[in-house]
Amino acid sequence: MAETCRILVMASGNGSNFQALIDAVGDGRIPQSRIMGLIVNRGKAYATKRAEQHAIHWEYFNLISNGFQPKTERDPEKLREARNSYDAALAKKILDSDTRPDLIVLAGWMYIFGSRFLNPISAQGIKIINLHPALPGKYDGTNAIERAFEDFEAGKLENNKTGIMVHYVIEQVDRGETILTREIEIHQGEALDQLKERIHANEHQLIVEAAALVVKDIHASKSQ
Ligand SMILES: Nc1nc2c(c(=O)[nH]1)N[C@@H](CN(C=O)c1ccc(C(=O)N[C@@H](CCC(=O)O)C(=O)O)cc1)CN2
Ligand SMILES: NCC(=O)N[C@@H]1O[C@H](COP(=O)([O-])[O-])[C@@H](O)[C@H]1O
């Protein structure tokens with residue numbers, strides 16, 4: 001019997017992908033796994049309600065509210081130091097936890113990690129994967145759907161196609177090794193909200209499929 005794969009989810013918003021992961025762990029599509037907790041960096045994230053509905057421990061940990069960066073700070077060096085301290089403290093929180101994860105899934109986590117987070121996590125063999133609503137190398141960062149839609153309306157979107165991907169997380173944002181991608185064609189006359197609805201429905205499938213692949217890898221490496 002494979003050891004249970006411990007999953008930590010990180011989110012900043014609605015949490016519909018977090019809900020997809022909860023459902024898939026529950027019905028075994030993500031095998032032999034357990035979501036040990038949720039970390040959010042926005043207090044109003046509806047993902048926290050979803051965690052409560054499923055008795056999943058959640059924690060709010062924010063760069064400013066938790067005292068790492070004064071709200072009015074504008075000095076670039078102090079801002080960098082604040083992010084470094086936050087990153088280091090977040091990594092320590094995760095590594096010191098008695099429910100240390102095997103896998104971290106970024107499901108709409110809207111904060112860019114620096115090496116002070118990534119290095120200690122990676123050093124312990126913990127994998128981090130991220131869901132992004134664009135194809136590899138296209139529309140890195142935030143508002144990816146909106147930017148692709150703008151290009152489509154301007155007749156500049158290659159083959160009228162955008163897409164989604166799940167990738168491993170490295171310091172360079174959205175440039176880690178791709179695990180799964182899915183192309184999504186934008187339809188003539190389609191409104192942005194309609195496109196978003198189709199993209200989110202596809203994301204809920206892809207994040208589960210990708211997490212299941214990585215979990216199976218983790219199980220395989222644990223059994224060696
Ligand atoms: N080092 C990495 N960190 C993160 C990655 C990554 O690939 N490498 N993926 C992101 C998720 N993401 C896109 O997929 C993403 C999220 C947020 C941002 C961003 O610009 N964040 C700003 C704050 C924006 C806001 O609060 O609205 C910031 O961190 O200053 C870019 C890309 C997760 N982290
Ligand atoms: N750059 C990262 C990014 O844009 N992530 C996006 O945030 C949304 C979270 O939705 P959810 O809160 O309903 O899961 C998803 O569309 C995800 O691709």
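Here's a quick rundown of the structure.

The rules behind each value
- Residues numbered from 1 in each chain as written.
- Chains lettered and ligands numbered in written order.
- Predicted model: local features only at pLDDT ≥ 70, side-chain atom pairs only at ≥ 80, totals over all residues.
- Heavy atoms only, no water.
- Near = heavy atom within 4 Å.
- Polar contact = N/O pair within 3.5 Å; in protein donor to acceptor, adjacent residues only side chain to side chain.
- Areas by Shrake-Rupley, 256 points an atom, 1.4 Å probe, with all protein chains shown as cover.
- 1 Å grid on protein atoms, 1.4 Å probe; cavity = no way out; pocket = protein on both sides within 12 Å on 5 of 7 lines; lining within 4 Å.
- Sits in = over half its atoms within 2 Å of the grid points.
- Nonpolar A, V, L, I, M, F, W, Y, C, P; charged D, E, K, R; others polar.
- Buried < 20%, exposed > 50% of the residue type's maximum accessible area, 1.4 Å probe, protein only.
- Helix = DSSP H or I, 4+ residues; strand = E, 2+ residues; numbered from the N terminus.
- Right-handed = clockwise from strand over helix to strand, strands pointing away.
- Pairing = 2+ DSSP bridges.
- Core = buried A, V, L, I, M, F, W, Y, C linked by side-chain atoms within 4.5 Å.

1. Notes on the site of ligand 1
In the neighbourhood of ligand 1, 19 residues make up the surrounding shell, with Tyr 111, Ile 112, Asn 130, Ile 170 and Asp 174 lying closest. Ile 170 places a main-chain nitrogen or oxygen 2.8 Å from a nitrogen atom of ligand 1. For ligand 1, whose unbound accessible area comes to 710 Å², protein coverage reaches 80%. Of all the cavities here, the one that holds ligand 1 is the largest pocket. Considering only residue class, the shell around ligand 1 consists of ten nonpolar, five polar and four charged.

2. Thoughts on the pairing of strand β5 (residues 127-132)
A large share of β5 lies buried, amounting to five of its six residues. Each parallel crossover has a hand, and the one from strand β4 (residues 103-106) via helix α4 (residues 115-123) to β5 is right-handed. Examined bridge by bridge, β5 and strand β6 (residues 161-168) share four bridges and lie antiparallel to one another. Note that in β6 the partner of His 132 across the bridge is Met 165.

3. Focus on the nonpolar core
Of all hydrophobic cores here, the largest spans 48 residues; its most connected members are Ile 7, Phe 18, Ile 30, Ile 35 and Ile 129. The greatest single-element share of this core, amounting to eleven residues, is contributed by helix α6 (residues 192-223). Membership of the second largest hydrophobic core comes to 22 residues, among which are Ile 39, Leu 95, Leu 118 and Val 169.

4. Points about the site of ligand 2
Near ligand 2 there are 14 residues, and of these Gly 15, Ser 16, Asn 17, Pro 133 and Glu 203 occur at the shortest range. Take Gly 15: an N or O atom from its main chain is 2.8 Å from an oxygen atom of ligand 2. Contacts to ligand 2 include His 132, whose side-chain N or O atom sits 3.2 Å from a nitrogen atom. When the free accessible area of ligand 2 is taken as 450 Å², the share hidden by the protein chains comes to 86%. Counting only elements with at least two residues in the shell around ligand 2, the list comes to α1 (16-27), β5 and α6. Across the shell around ligand 2, the residue classes break down as four nonpolar, nine polar and one charged.

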